[in-house]
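# Notes for the structure review
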Amino acid sequence: DGHLLKPIDHLQLLKKLKRVIRPLFLEKRLDAVNSELYDLKIRLKDEVVDRTTELAQERNLIRTIIDTIPSCVYWKDRDSVYQGGNKAFLEEKGLKDFDDLIGKSDIDLNTQTYADKYRQNDQKTIISKQPILNLEEEEKREGLSHYFLTSKIPLINSADEVEGLVGITQDITEIKRKEADLVIYKERMEYAFTGSNDGLWDWDLLSDDAYLSPRWKAIIGYEDNELKNVITTWRGSLHPHDLVMAESELEHVFSQKKEFYQVEFRQRHKEGHWVWVLARGAVRFDEAGKAVRMIGTHTDITEQKEAELRLQESQKYLATAQKIAHLGSWKWDILTDELQWSDEVFRIFGEKSQCFAPTYERFLSYLPDDEQVRVNEAITVSLEDKYRPYDIVHQIIQKDGTIRYVHEMGDLSYDENGGPVEMIGTVLDVTTQMEVEKTLKEQKEILAHQVHHDALTGLPNRVLFNDRLGQAIYKAKRNKSQIAVFFIDLDHFKQINDSLGHDVGDEVLKNFTHRLHASVREEDTLARMGGDEFMLIMEKLQDPQSAVLLAEKIIEAMKAPMMIDEHHLFLTGSIGISLYPQDGESVQTLIKNADAAMYRAKDEGRNNYQFYTAEMTELAFERVLMESSLRRAVDNNELIVYYQPQIEAKTERILGMEALIRWEHPELGLVAPNRFLPLAEETGLIVELDHWVMETAMTQMQKWYEQGYDPGKIALNLSIKQLQEKDMLTILLGIIEKSGCSMENIELEVTEREMMKKPETSIARLHEISELGISLALDDFGTGYSSLSYLKRLPVDKLKIDQSFVRNLPGDEEDVAITRAVIALAKSLKLELIAEGVETEEQRDFIVENGCPNIQGYLYARPMPAEDIEKLLRSR
């Protein structure tokens, strides 16, 4: 078809012709065809050699043409890897031949910054498939910037794919510099003719010739024709310090080849004062890097600079004042969490000025742990509440371990949305102030103590005593409680002073004070009224008998002799007691009546106590007599155990019986338990009585069983004091062993009210008893305000419904509701039930109908001695 085919195409054609011709021609034609094909192959080979030679000649011609182009020419593949370039490009890059270029990228020939820019421009050309013209900058080896105008053209194959690009680059550095010079000259003309406040100047460094605009000269007060030698005048007008600085700055600009500069200095005005000038400009360098020209402006900044200097001076004065006042300033950027401290803050925290960049965490590290919590809370409150400024006094620990006190205050600023952005504040070292305040507070406390306390004994004096008694009366009136006021006077104390001297008398008073302190409760108020007179306030009085106990305790404490300066002294005291509200409702009345009672004790022979009323004194003496008698009752066999049967209501079968103590007093007759048991509790005799009752009742119970009777279980009351004894279990087991009574026949009762005094200890001990196989009953249930959570933990087997709930059944609605609730609770906990105090058939019927089958009360039997119980057992 007239077109020259490539050799590869002809060979393919020959192969195809063979496959087509072989079946069509006869075998005899094959030799002729092969001969023709061989001739054709020779001709084609010659044509290929000729075409290859022509292509090589064309390539050499193109290379020659490209190398003669003065601009830099290069070509890259689509990955920006160089495939070739002309001589101008090789020389520009400092390469010797083409082999040094092929396979390299721009990162091998340029810095990272320029290489990235060149690659970005390459990719724009390849992606867009359009030629792109770029202005590119490149830093030369001498440190100067060169500018190039680069055209990049994509190489697109027949498949419309970009295989690479061709770049043509022209150095336009000189053109750019001339453009810059033209711009500066244009600005120079504009300054010259527009009356700008800036002074323009142009200095040819090679000729040392300079041009100064009229405004430049006006800045330092010269007329246009007055300056002869511009450079000499300029140097001579500079402040000596600034001249050194300006020349140093110029030297730096020249050595670093900086094209732009800015510097401030002072020039002397023609009239003698100094003018502050801001000099800005450009420097031009030749190809060798030598500075050849400087062009710039001078601006009069005197007013601005003087304002800055005044501000700096003010800041200096402020810093000095802060240092003198130990006041530091700080700023906290809330958004970035950056913190700035003044020098004084560093000093307060024991650090060198600006020795590190402060942070909020670094600030917290100077605070003790508890102070960190306080400061964080104070800042949080301030951030959340605009009306609560940050204001706190806290401790810090300096670098050397010294503890200081600082007062910090801060104020917040907010953005347009009301969010906090910054807090500015102060920190003041208030250690000295705090120490002074502490000293003043201590002195004030000492003075207040001296005003309200006795100097000799340290006890409250009359003034403080009257005040506390007034408060005690107010609380007692509100709580409907009682108070006892004691008036205590030493007997014959005047004789000690007269015979042994006041020094010994003072020691006696101090010794007596120690004894009083050891006798009274911590919450009681003890005071010295003067001389040998003392007073005492006893609050939360349960009953007058409690005052009796304390009075006896004080008298007992005085019995021991005092050893003072080798003198053995025996003292007694007279005590008068008045009660609120019986004996008065005012401070003065109670004191006056206690004083009167004290004089009655003096009249009764001293070394005793008297109540204000004779009736109360008689009751107190009766109590003393009863306590003394009760201590002898066990030894004199005056105590008796009574037994009250416990009955199953439907069958009237005896289930057991409760042991109850009685006192057969030789003079008073049969004393009811409510008269002597509280006294036994107060004096601790209750434990001894409980032991006696247990042994007596268990022994009797075992005797009945041995006689063939069936008395059931013996129920024994267990006091809280007995329950809390360390050796309680040992004593209990000893009694059981001695009596021979079986543990299965023993039931111990503990009252709810007593148990709740120390519930945890009681529960633990009751568990130990239960593990022995002894039954446990909770007496007076519902009267002790116990928690159901405690009841659930108690190892009790039986609940006793208190007689106070049974007494008004079935008529009282409240008692009905409580009784039903107790029965339901016992059933849910799978506990036995018994109701005590049942006296009528109506009470019994209600109890039984509502689910409580067991009864104890006068309806069936009163408490009776053992012989009567034995008759009852015999009759069944």
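Okay, so let's go over this structure. (Residues numbered from 1 in each chain as written. Predicted model: local features only at pLDDT ≥ 70, side-chain atom pairs only at ≥ 80, totals over all residues. Heavy atoms only, no water.)

## A few points about the overall build of the chain
For the chain, the count of helices and strands is 31 helices and 31 strands. Considering only contacts in the chain between residues 6 or more positions apart, those separated by 24 or more positions represent 56%. Of the accessible surface of the chain, which amounts to about 49,500 Å², a share of 51% is contributed by carbon and sulfur atoms. (Helix = DSSP H or I, 4+ residues; strand = E, 2+ residues; numbered from the N terminus. Contact = heavy atoms within 4.5 Å. Areas by Shrake-Rupley, 256 points an atom, 1.4 Å probe, with all protein chains shown as cover.)

## Some words on the pairing of strand 26 (residues 713-717)
In regular strands, side chains alternate between the two faces of the sheet. Both strand 24 (residues 653-665) and strand 26 contribute to a ladder of three bridges, which runs parallel. Each bridged residue has a counterpart across the sheet, and for Glu658 the counterpart in strand 26 is Ala715. (Pairing = 2+ DSSP bridges.)

## Regarding the packing of aromatic side chains
Counted according to the given criterion, the structure contains 15 aromatic pairs. Judged by centre distance (5.3 Å) and plane angle (70°), the rings of Tyr643 and Trp704 are edge-to-face. Of this pair, Tyr643 sits in strand 23 (residues 639-648) while Trp704 sits in helix 22 (residues 685-706), and the two are 61 residues apart along the sequence. The exposure class of Tyr643 is buried, given its relative accessible area of 1%. Ring geometry for Trp663 versus Phe676: centroids 5.6 Å apart, planes at 80°, classification edge-to-face. Here Phe676 lies in helix 21 (residues 673-683) and Trp663 lies in strand 24, a separation of 13 residues in the sequence. By relative accessible area, Trp663 is classed as buried at 0%. Lying over the aromatic face of Trp276, Lys305 brings its terminal NZ or CZ to 5.1 Å of the ring centre. For Arg862, the ring lying beneath its charged end belongs to Tyr858, and the centroid distance is 3.9 Å. (Phe/Tyr/Trp six-rings, centres within 6.5 Å; stacked < 30°, edge-to-face > 60°. Buried < 20%, exposed > 50% of the residue type's maximum accessible area, 1.4 Å probe, protein only. Lys NZ or Arg CZ within 6 Å of the ring centre and 35° of its normal.)

## Side note on the sheet that holds strand 17 (residues 525-530)
Taking strand neighbours across the sheet as the criterion, the five strands line up as 17-18-16-21-22 in an open arrangement whose pairing is mixed. Looking at which strands have only one partner, the edges of the open sheet turn out to be strand 17 and strand 22 (609-611). Averaged over neighbouring strand pairs, the angle between their axes works out to 20° when direction is ignored. Alignment of strand 21 (residues 573-580) against strand 22, held across three bridges, turns out to be parallel. Opposite Ile575, over in strand 22, you have Tyr609 as the bridge partner. Along the sheet, helix 18 (residues 544-557) makes contact with strand 16 (482-490), strand 18 (533-541), strand 21 and strand 22, crossing strand 18 at roughly 145°. (Axes fitted to C-alpha atoms, helices over the stretch in contact; angles between N-to-C directions.)

## Observations regarding the environment of Asp845
Considering the arrangement of structural elements, one finds Asp845 in helix 30 (residues 841-849). In this structure Asp845 comes out as partly exposed when scored by relative accessible area, which is 33%. With 195 residues separating them in the primary sequence, Asp845 and Lys650 have C-alpha atoms 10.0 Å apart.

## Looking at the environment of Pro368
Turning to its location among the elements, Pro368 is positioned in the loop between helix 12 (360-364) and helix 13 (369-384). Taking the C-alpha atoms as reference points, Pro368 and Ile397, separated by 29 residues in sequence, lie 7.1 Å from one another.

## Considering the side chain of Thr150
Secondary-structure assignment places Thr150 in strand 4 (residues 145-156). Classification of Thr150 as buried rests on a relative accessible area of 0%. Engagement of the side chain of Thr150 in a polar contact is seen with the side chain of Thr169, the distance being 3.2 Å. (Polar contact = N/O pair within 3.5 Å; in protein donor to acceptor, adjacent residues only side chain to side chain.)

## Here's the deal with helix 5 (residues 112-128)
An ideal rise of 1.5 Å per residue puts 24 Å on 17 residues; helix 5 measures up with 24 Å between its terminal C-alpha atoms. Taken residue by residue, helix 5 has Tyr114, Ala115, Tyr118, Asn121, Asp122, Thr125 and Ile126 as its buried positions. Along helix 5, the residues classed as buried sweep out an arc of 135° about the axis, all on the same side. In this structure, helix 5 carries Thr113, Gln120, Lys124 and Ile127 as exposed residues pointing more than 90 degrees from its buried face. Lys129 lies just past helix 5 and shows a positive phi near 60°. (Expected span 1.5 Å × (residues − 1). Arc of directions from axis to C-beta.)

## A short note on the side chain of Ser382
Position of Ser382 relative to the elements: it lies in helix 13. With residues near it in sequence (within four places) discarded, Ser382 still touches Arg388, Pro389, Tyr390, Leu412 and Met423.

## A word on the nonpolar core
The tendency in soluble globular proteins is for nonpolar side chains to be buried as a group. Ranked by size, the top nonpolar core spans 76 residues in total, and within it Tyr643, Leu716 and Leu748 carry the most contacts. Formed by 34 residues, the second largest nonpolar core is a distinct cluster that contains Val504, Leu526, Leu536 and Ile564. (Core = buried A, V, L, I, M, F, W, Y, C linked by side-chain atoms within 4.5 Å.)

## Some thoughts on the sheet that holds strand 12 (residues 338-341)
Backbone-to-backbone hydrogen bonds join strands into a sheet, with any given pair of strands oriented parallel or antiparallel. Across the sheet, five strands lie side by side as 12-11-15-14-13; this open sheet has antiparallel pairing. Across the chains shown, the open sheet's two edge strands, defined by having one partner strand only, are strand 12 and strand 13 (390-397). Taken pair by pair, the neighbouring strands of this sheet meet at an average axis angle of 25°, ignoring direction. Bridge count between strand 14 (residues 403-414) and strand 15 (residues 420-429): nine bridges; the pairing is antiparallel. Paired with Ser413 across the strands is Glu422, a residue of strand 15. Along the sheet, helix 13 makes contact with strand 11 (327-333), strand 13, strand 14 and strand 15, crossing strand 13 at roughly 160°.

By themselves, these figures tell us nothing about what the structure is for.
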